[in-house]
Amino acid sequence: MASADLLTPHTPEGKEGLAALLARPERAVVALDFDGTLAPIVPDPEQARAHPGAVPALARLAPHLAAVAVVTGRPAGVAVRYGGFAGVPGLEHLVVLGHYGAERWDAHTGEVRAPGAHPGVTAVRAELPGFLDRIGAWHGTWIEDKGGRAVAVHTRRTEDPDAAFEALRLPLAELAERHGLMVEPGRFVLELRPPGVDKGVALAAYLREVDAASVLYGGDDLGDLAAFAAVHALRDEGLPGLLVAAAGTAETPKEVLSEADLTVPGPEGVVTLLNALADALG
């Protein structure tokens, strides 16, 4: 995909959002998901790292903008480590909104602000190993501890990830409900976390905080649809926005592709887009 194509949304709303960002970058926010958007999807989430070009591209672009935000389901501190975001010249005002906004890391302080552990998550974390064993979860299913605010069950390593995923949907939904939690589906992962917090709530609150006049949001999975919906709602209120789908593999949900104004080829395409924006503003 040529650089010029990366700056050509296919919807009128996306074109308006891009035009607003380029006209007044000092009041624009670029917000991005981490896994699948800034970092390639890998079999083991603990091995995920930002694309090598991501931080340099963000550092080129960020000084032109009101802010850059990484919005992720991961704990904020983990995203900072895996992204390599700390101490980077040009990213002094980067924020990482972790656990769907329940946690926050600010580059200028280097500190994470986080609430205490949710009791439902604590209970589910203790119960899950025995629970999965009792329901005969397929060999290869594994649990990711995401700190005190979420726990996830992955099926990517099973012999049939789709079948294992579907077999776990209802039992995990019932388990989550018993403990006052909700289930967030993703690509071969079901995450149990408290309700009332999602990427859309986090993004909208942050845009209000910095008094943004436009926003670009990029994501790749079902958890990003809440942020896409928030941008749609803000556009209805007069705030221009551009929605970018990072379609790195055939696994990218069709809902993400259909809601986006612009599609790029995964994290590599996101990096190219960020550099193209930096070039246009520079």
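Scoring rules and cut-offs
Residues numbered from 1 in each chain as written. Predicted model: local features only at pLDDT ≥ 70, side-chain atom pairs only at ≥ 80, totals over all residues. Heavy atoms only, no water. Helix = DSSP H or I, 4+ residues; strand = E, 2+ residues; numbered from the N terminus. Expected span 1.5 Å × (residues − 1). Buried < 20%, exposed > 50% of the residue type's maximum accessible area, 1.4 Å probe, protein only. Arc of directions from axis to C-beta. Contact = heavy atoms within 4.5 Å. Salt bridge = Lys/Arg side-chain N within 4 Å of Asp/Glu carboxyl O. Pairing = 2+ DSSP bridges. Axes fitted to C-alpha atoms, helices over the stretch in contact; angles between N-to-C directions.

K.L.:
Can you help me understand helix H2 (residues 12–23) in this one?
P.N.:
It helps to recall that an α-helix has 3.6 residues per turn; residues three or four apart then point in one direction. Spanning twelve residues, H2 covers 16 Å between terminal C-alpha atoms, matching the ideal 16 Å at 1.5 Å per step. Among the residues of H2, Gly14, Gly17, Leu18, Ala20 and Leu21 are the ones counted as buried. Buried residues in H2, looked at end-on, bunch into an arc of 160°, giving them a common side. Of the exposed residues in H2, the ones pointing more than 90 degrees away from its buried face are Pro12, Glu16 and Ala23. Looking at the packing, one finds that the buried side of H2 touches strand E1 (28–32), strand E10 (214–219), helix H8 (225–236), strand E11 (241–246) and helix H10 (266–281).

K.L.:
When you look at the pattern of salt bridges in this model, what are you seeing that I'm missing?
P.N.:
Where charged atoms from two side chains of opposite charge come close, those side chains can pair. Using the criterion set out here, one finds 19 salt bridges in the structure. Of the charged contacts, one joins arginine 235 and aspartate 261 as a salt bridge, the two residues approaching to 2.9 Å between their closest N and O atoms. In this pair, arginine 235 is assigned in helix H8 and aspartate 261 in the loop between helix H9 (254–259) and strand E12 (262–264), connecting sequence segments 26 residues apart. For the pair shown, arginine 235 and aspartate 261 are each scored as buried. If you follow the salt bridges from partner to partner, you end up with Arg104, Asp106, Arg113 and Glu209 in one network.

K.L.:
Whenever I open this one, the sheet that holds strand E4 (residues 103–106) confuses me. Can you help?
P.N.:
Sheet strands associate in pairs through backbone hydrogen bonding, adopting either a parallel or an antiparallel arrangement. Taken in spatial order, the eight strands make up an open sheet running E5-E4-E3-E2-E1-E10-E11-E12, and their pairing is mixed. One side of each edge strand has no neighbouring strand; the edge strands of this open sheet are strand E5 (111–113) and E12. For this sheet, the mean angle separating the axes of adjacent strands, direction not counted, is 20°. Judged from the three bridges that link them, strand E2 (residues 67–71) and strand E3 (residues 95–98) form a sheet pairing that is parallel. Counterpart to valine 71 in the pairing with E3 is leucine 97. With respect to the sheet, H8 is in contact with E10 and E11, its orientation differing from that of E11 by roughly 160°.

K.L.:
Any chance you could explain the sheet that holds strand E7 (residues 151–154) here in plain terms?
P.N.:
Strand order in the open sheet formed by four strands is E6-E7-E9-E8, with antiparallel pairing between adjacent strands. Each of the sheet's edge strands pairs with one partner strand only, and the pair in question is strand E6 (142–145) and strand E8 (182–186). Mean inter-strand twist for the sheet, computed between neighbouring axes without regard to direction, equals 25°. The pairing of E6 with E7 spans four bridges and is classified as antiparallel. In the strand pairing of E7, tryptophan 142 is matched with histidine 154. Contacts from helix H5 (residues 119–134) reach E6, E7 and strand E9 (189–193) within the one sheet, and its direction differs from that of E7 by about 25°. Along the sheet, helix H6 (residues 161–178) contacts E7, E8 and E9; its crossing angle with E9, the most-contacted strand, is approximately 5°.

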